[in-house]
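Coordinates in review
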Amino acid sequence: MSIEKVQVHIMQNRSDTSILVVDDDPRLINALRRSLTYEGYHVTTAANGEDALSQARRRTHNLIILDRLLPDMDGLMVCRRLREEDQNSAILMLTARDAIADRVEGLEVGADDYLVKPFALEELLARVKALLRRRVPPDVQREILGFADLELDTATRQARRGQRFIELSTTEYELLRLFLRNPRIVLTRALLLDRIWGSDFEGGANVLEVYVAHLRQKLEQQGEPRLIQTIRGAGYVLRATE
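Residues numbered from 1 in each chain as written. Predicted model: local features only at pLDDT ≥ 70, side-chain atom pairs only at ≥ 80, totals over all residues. Heavy atoms only, no water.

The chain appears in an unreviewed UniProt entry as DNA-binding response regulator from Reticulibacter mediterranei.

1. Details of helix α4 (residues 75–84)
Using the following cut-off: Here's how the labels work: a residue is buried when its accessible area is under 20% of the maximum for its type, exposed when over 50%, partly exposed in between, all with a 1.4 Å probe on protein chains only. Helical segments are the DSSP runs of H or I of at least four residues, strand segments are the runs of E of at least two, and each set is numbered from the N terminus. The arc in question is the one traced by the directions running from the helix axis out to the C-beta atoms. Whether two residues touch is decided by their heavy atoms; if any such pair falls within 4.5 Å, the residues are in contact. Distance and chemistry together define a polar contact, namely a pair of N or O atoms within 3.5 Å, with one atom able to donate a hydrogen and the other to accept it when in protein, and with adjacent residues in sequence counting only for side-chain atoms on both sides.
Taken together, the buried positions of α4 are occupied by G75, L76, V78, C79, L82 and R83. The buried residues of α4 all sit within an arc of 160 degrees when viewed along its axis, so they share a single face. Looking at the buried residues of α4, the elements they touch are α3 (49–58), β3 (63–67), β4 (90–95) and α5 (100–108). Capping of α4 at its N-terminal end is provided by D74; its side-chain oxygen lies 2.7 Å from the backbone amide nitrogen of L76. Phi for D86, located one or two positions after α4, is positive at around 65 degrees.

2. Focus: the side chain of T95
Examined against the element boundaries, T95 turns out to sit in strand β4. For T95, a relative accessible area of 6% puts it in the buried group. Apart from residues no more than four positions distant in its own chain, T95 is found in contact with R68, L115, V116 and K117.

3. So, the sheet that holds strand β7 (residues 150–153)
The criterion, for reference: Any two strands with at least two DSSP bridges between them are considered paired. Fitted lines through C-alpha atoms serve as axes, helices being fitted only where they are in contact, and the angles separating the N-to-C directions of these axes extend from 0 to 180 degrees.
The strand order β6-β7-β8-β9 describes an open sheet built from four strands, whose pairing is antiparallel. A strand with exactly one partner marks an edge of an open sheet, and here the two such strands are β6 (144–147) and β9 (164–167). Each strand of the sheet is rotated relative to its neighbour by a mean of 20 degrees, with strand direction disregarded. The pairing of strand β8 (residues 158–161) with β9 spans four bridges and is classified as antiparallel. Each residue of the ladder has a partner; that of R160, found in β9, is F165. Its contacts with the sheet place helix α7 (residues 170–181) against β6, β7, β8 and β9, and it is angled at close to 120 degrees to β7.

4. Comments concerning α5
Where α5 is concerned, the buried positions are R103, V104, G106 and L107. Projected onto a plane normal to the axis of α5, the buried residues spread over an arc of 155 degrees and lie on a single side. Phi for G110, located one or two positions after α5, is positive at around 120 degrees.

5. A word on unusual backbone geometry
With an omega of -10 degrees, the peptide bond running from K117 to P118 counts as cis. Here P118 shows up in the loop between β5 (113–116) and α6 (121–133). The residue A148 is not glycine, and still its phi comes out positive at about 55 degrees. Residue position: A148 is located in the loop between β6 and β7. Residue R184 is not a glycine yet carries a positive backbone phi of 65 degrees. Mapped onto the elements of the fold, R184 is located in the loop between α7 and β10 (187–188).

6. Quick word on the UniProt feature "modified residue: 4-aspartylphosphate" (unreviewed entry) in the chain
The condition that has to hold: UniProt positions are given in the numbering used here, feature names are shortened, and annotations may be inferred rather than shown by experiment.
Residues given the UniProt feature "modified residue: 4-aspartylphosphate" (unreviewed entry) here are D67. With respect to the helices and strands, D67 occurs in strand β3. For D67, a relative accessible area of 5% gives the class buried. Contacts of D67, omitting those with residues within four sequence positions, involve V22, D23, D24, G75, L94 and K117.

This is how it looks when you write it as structure tokens:
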């Protein structure tokens, strides 16, 4: 296949990828729409939280780029409501706040990644590609990963504990899949941060702890035994409670 045909094939695949950009700055909206469209993505926009929620309900988006400060409601509230409604789109939150606590707060309500303003367009595009790579189409590969009474279907991206089904965000899914592919093996914090967030991630291990806590909460919602164990000073391991 020629380089030209490869490029066309990639562009056609990206045109099937829908991205919703939510921001109240018209200049930023226009800049991101042009850049993402040029990259081959299908782009829609919203200038406030209510419009974003309405569009998310009407159509499934692969990725939502969400500003934290919106005129009608905080981006954190938008993100929380999307997750409460079982919207599984990857969410990249934009924020002018660069404190670790602010970043962790965004991840706690269900964002998959964050980017501090002002940012370089190249970095945003790299984050977008990284988040979308995690969402492998079901017909590419399907696995049923299991440990004890826990199962994960990589096609539906849905977990099951016994007879109870569990909806996961993009990052929660990636984290659980990594644990299930490495049962009884201690995974260090450095390895987990690198595999899930990338080698250039600067959020710190506390972000990992937030996601492990969220994942445990979902897996143990009905009092089930803990499977993700903390190894003090090292990391975490998937194993049954002794």
